Amino acid sequence: MNQNLPSCCFCGTQLRHVFADLGMTPLANRNLQRDEIPHERKYPLVARVCNTCFLVQVDHSVSPEALFSDYDYFSSFSESWIAHARRYCDLISERFAIGPQSLIVEIASNDGYLLQNFKAVDVLGVEPAANVAKAAIAKGIPTDIAFFGVDTARRIVARGRHADLIVANNVLAHAPDIRDFVGGFSVLLAPEGVATFEFPHLLRLIEDGQFDTIYHEHFFYLSLLTVEKVMNSAGLRVFDVEQLPTHGGSLRVFTCHSTARHATTSRVEDLRTSERRHALDKIDGYKGFVARINDIRAQFLNYLASAEASGRKVAAYGAAAKGNTFLSVCGVAYPRIDAVYDRSPAKQGKFTPGSHIPILAPDQIKKLRPDDVIILPWNISDEIVRSMSFIREWGGRFVIAIPNLKIL
Ligand SMILES: [Zn+2]
């Protein structure tokens, strides 16, 4: 037994298999003010896979306080995400007969962008970031400022009601204690209630080489097979699953108490079969990923060297966690890329972590006229190409690095 190896956050097995080692990287969600640059800290970023339950997990090298104390991301700033939330609310209200008697709880409810779609129904948000929760409360959406888990669930239930629907979008992968987190759903959910979880699908990450979605705040990378084990351990059952295009390919799983009446759809077994076909139930399914990362990085560095050799000025678009991880791992910094354009006013005027590239408003691009623009959030590249197509006027090109280098 090697005492230095961490153990699996879910089943306790020692983690002997490295899935991806991305070296020393700064926190990917933390864009910097100029005076913070000299004090920037870096932490090892290693994802391991458990050979018993196949949970892919990053080492806990940063304290939760350092990770989540302050973030300048408000959901309401992303139009496509707001539309996604609205569609979800319509669909779920109809399918599960959500009505005036229902209680809907959202975990990591942010500024209330999703719950505000439910009219004439009791809603409750649970959100740990106080600045964001206060924005929701100001809009009239009741919100508990708390991390979710068994204790928080018991506190809510003590007020007299269980939840008919619990919404958990993009939070399961960010809960440091996954057993306690999922245990909270089992406490809070009404006997025939439904809890839905959305998270990026590990199968898509592996197939499409999405190593830039690995970062310190993102603890877990999940397959359906592993999520079912986690749910079962808390007395919950997955009865349906949908594959969504969001975040480069996500799953939405529908769960209920194991004793509830919801019938299991054939989509569950179909996806289990697909994951087994890709060997996600064996260590072999995880082994080639390190080589894949090296290949994508080499393709990108070759492209950049040849762009530089021919005198092209290179910029990037999208100062989000993904791009920050990508540039850190490639070891590319300012001035090789001279600006990152981003629509969020909260990010403009700051610098990207690790690569220290200035973040500018998109209208600045017409002044600086870069020859190439690297689209860092490749998952919304269509949207970006459409809105920035004017760069073609001066011969500008778009570049995407994942899953393979492509010049558009
Ligand atoms: Zn495990």
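Rules behind the numbers
Residues numbered from 1 in each chain as written. Predicted model: local features only at pLDDT ≥ 70, side-chain atom pairs only at ≥ 80, totals over all residues. Heavy atoms only, no water. Pairing = 2+ DSSP bridges. Helix = DSSP H or I, 4+ residues; strand = E, 2+ residues; numbered from the N terminus. Contact = heavy atoms within 4.5 Å. Polar contact = N/O pair within 3.5 Å; in protein donor to acceptor, adjacent residues only side chain to side chain. Donors = N, O, S within 2.8 Å, 3.2 Å for Na, K, Ca; no water. Tetrahedral: all angles 85-135°; square planar, octahedral: opposite > 155°, others 65-115°. Buried < 20%, exposed > 50% of the residue type's maximum accessible area, 1.4 Å probe, protein only. Phe/Tyr/Trp six-rings, centres within 6.5 Å; stacked < 30°, edge-to-face > 60°. Lys NZ or Arg CZ within 6 Å of the ring centre and 35° of its normal. Core = buried A, V, L, I, M, F, W, Y, C linked by side-chain atoms within 4.5 Å.

Caption draft 1: Region of interest: the sheet that holds strand E8 (residues 189-200). Judged by pairing direction, the sheet is mixed, and its seven strands sit side by side in the order E6-E5-E4-E7-E8-E11-E10 without closing on themselves. Pairing within the sheet leaves two strands with one partner each, and these edge strands are strand E6 (143-144) and strand E10 (236-244). As defined by bridge partners, strand E4 (residues 103-107) adjoins strand E7 (residues 163-169) across three bridges and the pair is classed as parallel. Residue Glu106 lies in a different strand from E7, and its bridge partner there is Val167.

Caption draft 2: Fine view of the environment of Gln57. Looking at where Gln57 falls in the secondary structure, it is placed in strand E3 (residues 56-58). For the pair Gln57 and Tyr317, spaced 260 residues apart in sequence, the C-alpha separation works out to 28 Å. Setting aside residues no more than four positions away along its own chain, Gln57 makes contact with Ser7, Cys8, Cys9, Leu15, Val46, Ala47, Arg48, Cys50, Phe219 and Phe220. Looking at Gln57, its side chain comes within polar contact range of the main-chain nitrogen of Cys9, at 2.8 Å. Of the polar contacts made by the side chain of Gln57, one reaches the backbone oxygen of Leu55; its length is 3.1 Å.

Caption draft 3: Structural context of the coordination of the zinc ion. Protein coordination of the zinc ion is provided by Cys8 (SG), Cys11 (SG), Cys50 (SG) and Cys53 (SG), with donor distances spanning 2.3 Å. Seen from the zinc ion, its four donor atoms lie at angles of 100 to 121 degrees, and the figure they make is tetrahedral. Here the donor residues for the zinc ion map to a single chain with the spacing C-x2-C-x38-C-x2-C. Of the two residues, Cys11 is situated in the segment before strand E1 (17-25) and Cys50 in the loop between strand E2 (43-49) and E3; the sequence distance between them amounts to 39 residues. For Cys11, a relative accessible area of 31% corresponds to the partly exposed category. Note on Cys50: relative accessible area 0%, which makes it buried.

Caption draft 4: How the structure looks around the packing of aromatic side chains. For the structure on display, the rule yields 15 aromatic pairs. Both rings, one in Phe96 and one in Phe254, keep their centres 6.1 Å apart while their planes meet at 45 degrees; by these two values the pair is tilted. Of the two residues, Phe96 sits in the loop between helix H2 (79-95) and E4 while Phe254 sits in strand E11 (residues 250-257), which places them 158 residues apart along the sequence. Taken individually, Phe96 and Phe254 each receive the classification buried, so the pair is uniform in this respect. Through successive ring pairs, a cluster of aromatic residues spans Phe19, Phe54, Tyr286 and Phe289. Over the ring of Phe254 we find Arg95, and its NZ or CZ is 4.7 Å from the ring centre. A cation sits over an aromatic face here: Lys366 above Phe390, 4.5 Å from the ring centre.

Caption draft 5: Representation of the sheet that holds strand E17 (residues 406-407) within the structure. Pairing within the open sheet is mixed, and its six strands lie in the order E14-E13-E12-E15-E16-E17. Edge positions in the sheet fall to strand E14 (359-360) and E17, since each has one partner strand and no second. Here strand E12 (residues 314-317) pairs with strand E13 (residues 340-341) via two bridges, running parallel. Within the sheet, the bridge partner assigned to Tyr317 lies in E13 and is Tyr341.

Caption draft 6: Representation of the nonpolar core. Among the nonpolar cores identified, the biggest contains 106 residues, and Phe19, Leu172, Phe181, Phe185, Phe197, Ile214 and Phe326 are the most heavily contacted of them. No other element matches helix H9 (residues 289-309), which puts seven residues into this core. Apart from residues lying up to four places away in sequence, Phe326 is in contact with Phe211, Asp212, Ile296, Phe300, Leu376, Ala401 and Ile402.

Caption draft 7: Geometry of the pairing of E11. Within E11, eight of the eight residues are buried, which leaves it mostly tucked inside the rest of the structure. Pairing between E10 and E11: eight bridges, direction antiparallel. Pairing of Val241 across the sheet is with Val253, part of E11. As consecutive antiparallel partners, E10 and E11 are separated by five residues, and within that stretch His247 has a phi angle of approximately 55 degrees, a positive value.

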